[in-house]
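Examination of the molecular architecture
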Amino acid sequence: MPNVLITGGAGFIGSNFVRHLIHHTDASMVVLDALTYAGNRKTLSELPGNRMEFVEGDICDEPLVDRLVSATDVVVHFAAESHNDNSLKNPWPFVQTNVIGTYTLLEAVRRHGKRLHHISTDEVYGDLELDDPERFVEERAYNPSSPYSSTKAASDMLVRAWVRSFGVQATLSNCSNNYGPYQHIEKFIPRQITNVLSGLRPKLYGTGENVRDWIHVDDHNSAVWAIIERGRMGETYLIGADGERNNKQVLEEILTLLERPSDEYELVLDRPGHDLRYAIDSSKLRKELGWEPTFADFSAGLQDTINWYRDHRDWWEAGKQATEAKYAAQGQ
Ligand code: NAD
Ligand code: DAU
């Protein structure tokens, strides 16, 4: 029975990962999370206490990280500042958590000889033209655009350097856009769903032509566990589920599923430096580890997600006004 230290386990993907391990493994877990604006203790409150211990703390806190890492078998590192728009307003927390935090963890796993899996993003590769036949592959050169993606790229580089220079036992994964339950309502899909549920018009940046490669969070997490169990040490795996759609298509689908007219939204100010398109080639993961996504039908996954936000108003409603006020102040 492995003991797994999960950083950022009170956030969107990390908390779904905790649920994944509860349902599919007999691992015991320690969650380390600073409960920033993006972390929510409520997200983990109904989970069995005998499987998971929660520690409120910062991944930059070296003595705390050292103590927790020394007592674990494997560290799965989700904690990050994760929202591009926030990184454009104030990049500092992104440098601190994503770079210094990852460095702090790396030094601890190096000292104690522990296994690390580092969670990262496809955004490290920059963006693609809409008609580019290529998709991102593991060997592609990094070319990040935003403060968020550049700090994630820096964290990946640190992990790769610690593998090569110090023989740290680590794997990395870079995933495309996730959707599903417990995602913060600042993000595209939950923002639009909760706008409609609150009687507000959805907001599309620019012209809505930007393409994202959507994957259900449970498929991301099953891939992460496959890499932890069977991935080759030092390797990077791209995670994606062939889910390319432009933002306008996704928004129209949300409106249709919510039985609203598909043009009932507003075009708002575009994001500065907005990446045009991401697309993942996940052949390496599929061929080497036999992983396949299970949410093949995007509409069905979206409907489940809509149902979840409809049924869990208590989880998001209190923060809705503040999130929208923040966007309104920047014309979005
Ligand atoms: P999130 O913002 O929902 O959650 C991040 C969590 O990290 C929060 O619980 C927060 O409290 C915690 N945290 C932040 N700073 C911390 C610190 N200094 N110490 C301890 N905890 C801290 O993010 P998410 O969407 O769940 O993303 C998780 C990881 O997955 C990130 O590394 C992100 O870069 C990566 N990723 C996300 C996506 C996506 O679509 N959301 C896609 C690919 C990769
Ligand atoms: O690709 C993986 C990345 O996906 C992760 O690394 C990030 O942590 C995660 O936040 C996500 O980044 P994006 O910037 O792509 O996600 P976001 O939900 O912010 O926006 C998705 C798209 O929708 C993007 O093209 C911007 C657009 N958008 C977003 C919001 C919030 C809108 O059109 N309207 C909106 O209100």
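Residues numbered from 1 in each chain as written. Chains lettered and ligands numbered in written order. Predicted model: local features only at pLDDT ≥ 70, side-chain atom pairs only at ≥ 80, totals over all residues. Heavy atoms only, no water.

1. Quick look at the sheet that holds strand β1 (residues 3–7)
With respect to topology, seven strands assemble into an open sheet ordered β3-β2-β1-β4-β5-β6-β11, the strand pairing being parallel. Here the strands that pair on one side only, and so sit at the sheet edges, are β3 (52–56) and β11 (236–239). Each strand of the sheet is rotated relative to its neighbour by a mean of 20 degrees, with strand direction disregarded. Against the sheet, helix α2 (residues 62–70) touches β1, β2 (28–33), β3 and β4 (74–77), its axis set at about 170 degrees to β2. The strands touched by helix α4 (residues 92–112) within the sheet are β1, β4 and β5 (115–121), with β4 carrying the most contacts at an inclination of about 170 degrees. (Pairing = 2+ DSSP bridges. Helix = DSSP H or I, 4+ residues; strand = E, 2+ residues; numbered from the N terminus. Axes fitted to C-alpha atoms, helices over the stretch in contact; angles between N-to-C directions. Contact = heavy atoms within 4.5 Å.)

2. Details of the site of ligand 2
Around ligand 2 sit 25 residues, and of these T121, D122, Y148, R271 and H274 come closest. Here an oxygen atom of ligand 2 and a side-chain polar atom of Q192 are 3.1 Å apart. Isolated, ligand 2 exposes 690 Å² of accessible area, and the fraction of that covered by the protein chains is 95%. Counting residues per element, the ones that place at least two in the shell around ligand 2 are α6 (188–197) and β8 (203–205). (Near = heavy atom within 4 Å. Polar contact = N/O pair within 3.5 Å; in protein donor to acceptor, adjacent residues only side chain to side chain. Areas by Shrake-Rupley, 256 points an atom, 1.4 Å probe, with all protein chains shown as cover.)

3. Some thoughts on α2
Taken as a whole, α2 has its buried residues at L64, V65, D66, L68 and V69. Those residues of α2 hidden inside the fold are in contact with β1, β2, β3, β4 and α4. (Buried < 20%, exposed > 50% of the residue type's maximum accessible area, 1.4 Å probe, protein only.)

4. Topic: the side chain of N98
In this structure, N98 sits in helix α4. Separated by 2.9 Å, the side chain of N98 and the backbone nitrogen of E81 make a polar contact. Once residues lying within four places of it in the same chain are set aside, the contact partners of N98 are A80, E81, P93, Y148, T151, K152 and S155.

5. Some words on the site of ligand 1
Neighbouring residues of ligand 1: 28 residues in total, closest I13, D33, S82, Y148 and K152. Between ligand 1 and A34 there is a distance of 3.1 Å, counted from a nitrogen atom to a backbone nitrogen or oxygen. F78 places a polar main-chain atom, nitrogen or oxygen, 3.0 Å from an oxygen atom of ligand 1. Isolated, ligand 1 exposes 840 Å² of accessible area, and the fraction of that covered by the protein chains is 96%. Sorting elements by how many residues they give to the shell around ligand 1 places β5 first, with three residues.

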